[in-house]
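Chain residues, written in single-letter form:
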Amino acid sequence: DWEIHNETTAQRFVASDRVVFETGKPYFGEETVKSKDGQDLVLSVTKAPLKDKTGEIIGLAGISRDITAIKRAEETLLNAREELKTRVEERTAELTRSNTRLHEEIVERKRVEHALRVSEQQYRLLAENMMDGIVIVQEGKLVFANAAFAAMVRYPLDHLLGVDLVALFPDHAQRTTHDRLTRSDHKTTEPQW
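Owing to the predicted nature of the structure, the values given are computational and were not obtained by experimental measurement. Counting from 1, residues in each chain are numbered in the order their sequence is written. Given that this is a predicted model, residues contribute local features only at a pLDDT of at least 70 and side-chain atom pairs are listed and counted only at 80 or more, while totals for whole chains, interfaces and linings are drawn from all residues. Side-chain measures here rest on the full set of heavy atoms in the structure, leaving out hydrogens and waters.

J.: What should I look at first to understand the overall build of the protein in this one?
T.: Put simply, DSSP marks the helices as runs of H or I at least four residues long and the strands as runs of E at least two long, and each gets a number from the N terminus on. Along the backbone of the protein there are five helices and five strands. Start at the N end of the protein and walk to the C end: the helices and strands fall as α-β-β-β-α-β-β-α-α-α. Radius of gyration (C-alpha) of the protein: 47 Å, far over the 16 Å computed for a compact globule of 193 residues. A principal-axis box enclosing the C-alpha atoms of the protein has dimensions of 130 × 35 × 25 Å. Burial classes: relative accessible area under 20% of the type maximum marks a residue as buried, over 50% as exposed, and values in between as partly exposed (1.4 Å probe, protein chains only). The burial tally for the protein puts 19% of its 193 residues in the buried class. Summarising the internal contacts of the protein: among those between residues at least 6 apart in sequence, 22% fall at separations of at least 24. About 15,400 Å² of surface is accessible on the protein, with carbon and sulfur atoms providing 55% of the total. For a compact globule the rule gives 2.2 Å times the number of residues to the power 0.38, and the radius of gyration it is set against comes from C-alpha atoms. Pairs of residues are marked as contacts when any of their non-hydrogen atoms sit within 4.5 Å. With residues, only the protein chains shown are counted as cover, and all accessible areas are computed by Shrake-Rupley using a 1.4 Å probe.

J.: For this particular structure, what's the right way to read the nonpolar core?
T.: General note: in soluble globular proteins, nonpolar side chains tend to be found buried as a group. Each nonpolar core is a collection of buried residues, namely Ala, Val, Leu, Ile, Met, Phe, Trp, Tyr and Cys, held together in the definition by side-chain atoms within 4.5 Å. Formed by Leu142, Ala145, Phe149, Ala150, Leu160, Val163, Leu165 and Leu168, the largest nonpolar core amounts to eight residues. Excluding residues within four positions of it along the chain, Leu165 makes contact with Val137, Gly140, Leu142, Phe149 and Leu181.

J.: Is there a simple way to think about the environment of Val143 in this case?
T.: Tracing the backbone through its elements, the reader meets Val143 in strand β5 (residues 141-145). Separated by 19 residues in sequence, Val143 and Gly162 have C-alpha atoms that sit 6.1 Å apart. Ignoring sequence-local partners within four residues, the contact set of Val143 consists of Ile136, Gln138 and Leu161.

J.: Quick question: what am I supposed to make of the pairing of strand β3 (residues 57-66) here?
T.: Across a regular strand the side chains alternate sides, sitting on one face of the sheet and then on the other. Whether two strands pair depends on DSSP finding at least two bridges between them. Relative to β3, strand β2 (residues 40-51) runs antiparallel, the two sharing nine bridges. Bridge assignment links Val45 to a residue of β3, and that residue is Ser64. Hairpin connection of β2 to β3: five residues between the antiparallel strands, including Gly55 at a positive phi of 95°.

J.: Would you explain the sheet that holds β3 in this entry?
T.: Sheet strands associate in pairs through backbone hydrogen bonding, adopting either a parallel or an antiparallel arrangement. Spatially, the three strands line up as an open sheet ordered β1-β2-β3, and their pairing is antiparallel. With partners counted over all chains shown, the strands left at the sheet margins are β1 (27-34) and β3, one partner each. Direction aside, neighbouring strands of the sheet carry axes that sit 30° apart on average. Lying on the sheet, helix α1 (residues 7-23) is in contact with β1, β2 and β3; it crosses β1 at an angle near 170°. Only the stretch in contact is used when a helix axis is fitted, and all axes are lines through C-alpha atoms; the angle between N-to-C directions ranges over 0 to 180 degrees. In the packing of helix α2 (residues 68-128) onto the sheet, contacts are made with β1, β2 and β3, and the angle to β2 comes to roughly 125°.

J.: How should the side chain of Glu31 be read in this particular structure?
T.: Assignment of secondary structure puts Glu31 in strand β1. Within 3.5 Å is the distance limit for a polar contact, defined as a pair of N or O atoms, with the added protein rule that one can donate a hydrogen and the other accept it, and that residues adjacent in sequence qualify only through two side-chain atoms. A polar contact of 2.7 Å, which involves the side chain of Glu31, links it to the side chain of Arg12. Ignoring anything within four residues of it in the chain, the contact list for Glu31 reads Arg12, Phe13, Leu41, Val42, Leu43 and Val45.

J.: So what exactly am I meant to see when it comes to the side chain of Thr68 here?
T.: Along the chain, Thr68 turns up in helix α2. The exposure class of Thr68 is buried, given its relative accessible area of 6%.

J.: Would you mind showing me how to read the pattern of salt bridges here?
T.: If the charged atoms of two oppositely charged side chains come close together, the side chains can form a pair. Criterion for a salt bridge: a side-chain nitrogen of Lys or Arg within 4 Å of a carboxyl oxygen of Asp or Glu. Counting across every chain of the model gives ten salt bridges. Salt-bridge contacts for Glu31 lead to Arg12; the nearest nitrogen and oxygen are separated by 2.7 Å. Of this pair, Glu31 sits in strand β1 while Arg12 sits in helix α1, and the two are 19 residues apart along the sequence. By relative accessible area, Arg12 is classed as partly exposed at 32%. Here Asp17 makes a salt bridge to Lys47, at a shortest N to O gap of 2.6 Å. Of this pair, Asp17 sits in helix α1 while Lys47 sits in strand β2, and the two are 30 residues apart along the sequence. Both residues of the pair, Asp17 and Lys47, count as buried.

J.: Would you mind showing me how to read unusual backbone geometry here?
T.: Leaving glycine aside, a negative phi is the common case for residues, and trans is the common case for peptide bonds. The backbone of Glu139 shows a phi angle near 50°, a positive value even though the residue is not glycine. Following the sequence through the fold, Glu139 ends up in the loop between β4 (135-138) and β5. The phi angle at Arg154 is positive, at roughly 60°, despite the residue not being glycine. With respect to the helices and strands, the residue Arg154 is situated in the loop between α3 (147-153) and α4 (157-160). We classify Arg154 as exposed; its relative accessible area is 75%.

All we've got here are geometric facts, nothing functional implied.
Put into structure tokens, the structure is as follows:
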């Protein structure tokens, strides 16, 4: 050991030799040593007592195997595992935050939808019970009409939806009606309109 290793390393090897001689049991361990070019090497060290026919220890058999590459691979793998664990934790936290925001948005959207439904019900109730004819027109077609309007044009209420509003007017008034409905300012000074 003194001829192969520096003094500190040799002392460690001799100490493990003594343990084998004193206990008579094999030794298994790892030792870090310096190579001739100064690099650290990790050795797997196995030592076993050599006994004569009477069982007396007469020597020591030892094997040292360079496991530096294996240790580096293990360290690389451990570092990769830690990096992956960190990334998974970060991604989990990010997804948890996103999930919380999404949940809050869903709750808010449901609240707004409920408020909108209540509002629509109130306006529909109001429009349906007014004495004036009320319609909602989208892209030229009726999408809502109240009973008063249906009575004015003498159509069943359930037949009005989807009808072209202009078609409900007499032939001589259809062009004027179309022009008035498609004007962007929707202003008129004619009281009969």
